[in-house]
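Listed below are the residues making up each chain.
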Amino acid sequence: MPFIGLLIIGVAAGFLATRVMRLETDVPTTIAIGIFGALIGGFALRFLVWSLGAAAGFVGAFLGALALIWAWKTWMR
C-alpha cells in the first residue's frame, strides 16, 4: 500500500514540477521524475529536520515564551 501512495504523490509532484520548470516530457518520464524527486526530497527533508531539530526546538521554546509573556501582560494587569 505505501507504494501506491508514493506513486500517486510522485505523479502529482512530477506533473507540477514539469509544469513549473516548463519541461515537456512524456507520462513515464513525468512519473519517474516525481517518484525519484519524492525520494530525494524526503531524504533531504529528514536530514534537515534531524540536523536542525535542536535549533527548531529552541525557536519553538522562544516563541512559546514570547506568547506566554504577551498573554501575561495582556490579561494579568
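Residues numbered from 1 in each chain as written. Predicted model: local features only at pLDDT ≥ 70, side-chain atom pairs only at ≥ 80, totals over all residues. Heavy atoms only, no water.

A.B. asks: Teacher, can you tell me more about unusual backbone geometry here?
C.D. replies: Most peptide bonds adopt trans geometry, and most residues besides glycine take a negative phi value. At R22, a residue that is not glycine, the phi angle is positive and equals roughly 55°. With respect to the helices and strands, R22 occurs in the loop between α1 (2-20) and α2 (27-51). (Helix = DSSP H or I, 4+ residues; strand = E, 2+ residues; numbered from the N terminus.)

A.B. asks: For this particular structure, what's the right way to read the packing of α1 against α2?
C.D. replies: Axes are the key here: two packed helices are described by the angle between their axes and the distance separating the axes. It is the contact of α1 with α2, at a shortest axis distance of 7 Å, that shows an interaxial angle of 110°. Taken together, the axes of α1 and α2 lie roughly perpendicular to each other. Residue-level contacts link L6, L7, G10, V11, A13, G14, F15 and T18 of α1 to T30, I31, I33, G34, I35, A38 and L39 of α2. Taken together, the residues that form the contact of α1 with α2 break down as ten nonpolar, five polar and no charged. (Axes fitted to C-alpha atoms, helices over the stretch in contact; angles between N-to-C directions. Parallel < 35°, antiparallel > 145°, perpendicular 65-115°, else oblique. Contact = heavy atoms within 4.5 Å. Nonpolar A, V, L, I, M, F, W, Y, C, P; charged D, E, K, R; others polar.)

A.B. asks: Please explain the packing of aromatic side chains as it appears in this structure.
C.D. replies: Counted by the stated rule, this structure contains two aromatic pairs. Judged by centre distance (6.0 Å) and plane angle (40°), the ring pair of F47 and W50 falls under tilted. Placement of both F47 and W50 in helix α2 is noted, with a separation of three residues, approximately one turn of the helix. Residue classification places W50 among the exposed positions, given a relative accessible area of 67%. Ring plane angle 70° and centroid distance 5.5 Å describe the contact between W70 and W75, whose orientation is recorded as edge-to-face. (Phe/Tyr/Trp six-rings, centres within 6.5 Å; stacked < 30°, edge-to-face > 60°. Buried < 20%, exposed > 50% of the residue type's maximum accessible area, 1.4 Å probe, protein only.)

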